[in-house]
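Spelled out from the first residue to the last, the chains are:
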Amino acid sequence: MTALVRVGVLALQGDVREHAAILTSLGAEAVLVRRPEQLEDLDGLVIPGGESSVIDKLSRIFGLRDPLRALIAEGLPVYGTCAGLILLADEIEGAIEGQLTFGGLDVTVARNAFGGQVESFETKLDVTGIDGEVAATFIRAPLITRVGPRAQAIAALPGGGVVAVAQGNLLGTSFHPEMNGESRLHERLLELVHERRRVVAA
Ligand code: GLN
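Rules of the game
- Sequence order sets the numbering: in each chain, residues are counted from 1 along the sequence as written.
- Local features in this predicted model are restricted to residues of pLDDT 70 or higher, and side-chain atom pairs are both shown and tallied only at a pLDDT of 80 or more, whereas totals for entire chains, interfaces and linings draw on every residue.
- Think of the side-chain values as coming from all heavy atoms in the structure, minus any hydrogens and water.
- By nonpolar core is meant a set of buried Ala, Val, Leu, Ile, Met, Phe, Trp, Tyr and Cys residues that side-chain atoms within 4.5 Å join together.
- Think of it in three bands: with a 1.4 Å probe and only protein chains considered, a residue is buried below 20% of the maximum accessible area for its type, exposed above 50%, and partly exposed in between.
- Runs of E in the DSSP output that reach at least two residues are strands. Runs of H or I that reach at least four are helices, and both are numbered from the N terminus.
- Whether two residues touch is decided by their heavy atoms; if any such pair falls within 4.5 Å, the residues are in contact.
- Site definitions follow a grid-based scheme: protein atoms alone, a 1 Å grid, a 1.4 Å probe that fits but cannot get out for cavities, and for pockets an open set with protein on both sides within 12 Å along at least five of seven lines, plus lining residues having an atom within 4 Å of a point.
- Grid points are joined across faces, edges and corners, and a volume is the space filled by probe spheres set on the points.
- Three categories are distinguished: nonpolar for Ala, Val, Leu, Ile, Met, Phe, Trp, Tyr, Cys and Pro, charged for Asp, Glu, Lys and Arg, and polar for the others, with Gly belonging to the last.
- The directions considered for the arc run from the helix axis to the C-beta atoms.

Trainee: Please set out the nonpolar core residue by residue, giving values where relevant.
Mentor: Counting 31 residues, the largest nonpolar core has V7, L125, F138, V163, F175 and L185 as the members making the most contacts within it. For this core, the secondary-structure elements that each account for two or more residues are strand 1 (6-10), helix 1 (16-25), strand 8 (134-139), strand 10 (152-156), strand 11 (162-167) and helix 5 (184-201). The element contributing the most residues to this core is helix 5, with four residues. Beyond its immediate chain neighbours, meaning those up to four positions away, V163 contacts L125, F138, L143, I144, A155, A156, L157, G172, T173, S174 and F175. Grouped together as the second largest cluster of nonpolar side chains are 30 residues, V31, L45, I86 and L105 included.

Trainee: Account for the layout of surface pockets, naming residues and giving values.
Mentor: By rolling a water-sized probe across the atoms, one finds the places where empty space is left. A volume near 170 Å³ is recorded for the largest pocket. Residues of the lining of the largest pocket, tallied by class, amount to five nonpolar, five polar and four charged.

Trainee: Describe helix 2 (residues 52-61), naming the residues involved and giving the relevant values.
Mentor: In an α-helix, one turn spans 3.6 residues, which is why side chains three or four residues apart end up on the same side. Among the residues of helix 2, S52, S53, I55, D56 and S59 are the ones counted as buried. Projected down its long axis, helix 2 carries its buried residues within an arc of 165 degrees, all on one side. Of the surrounding secondary structure, the elements contacted by the buried residues of helix 2 are strand 1, helix 3 (65-74) and helix 4 (83-88). At the C-terminal side of helix 2, G63 shows a positive phi close to 70 degrees.

Written out as structure tokens, the structure is:
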């Protein structure tokens, strides 16, 4: 029997519960992560939306930044939504002074890229590797303005703006799928977890 998959949800700030509920509905054990020891024995991690500068600060105060960076580099599957994507990006535009990211994704993201009236909107998107359209909610969302050679764009808005990327163990979306009960990106994270288990076991 395969052991239950344990997926953490970084629970410093933001919409933690919705992610935990989706992971549980997919048969994973969801672990809310607030302290470094809660990162132990995780098979994957979700970094939720919220305010990236706040999550950055709290992760340093709580001693989570360094262990998290180490886990990302070791190949832990991680999915970041919105602020979570910002935290996974190697480079950000529009950061507040001193704002850091965990990094890992070979991309540049522009914070709060949809100004004015369209700060928040819902749409449906084609995502490479997922059948049928994906429900996507954008809330003061970032845009992916550069996709480096190690990353792959997997979704774009009709105007061409990239809003989802994949790179090895990492997955990032500008939008929130969890607000529409959309679970297929979380499923993709669980696939990355299973792939990694196969590689480790081989
Ligand atoms: N604007 C937020 C930031 O820069 C992200 C918004 C979100 O996660 N919904 O961190």
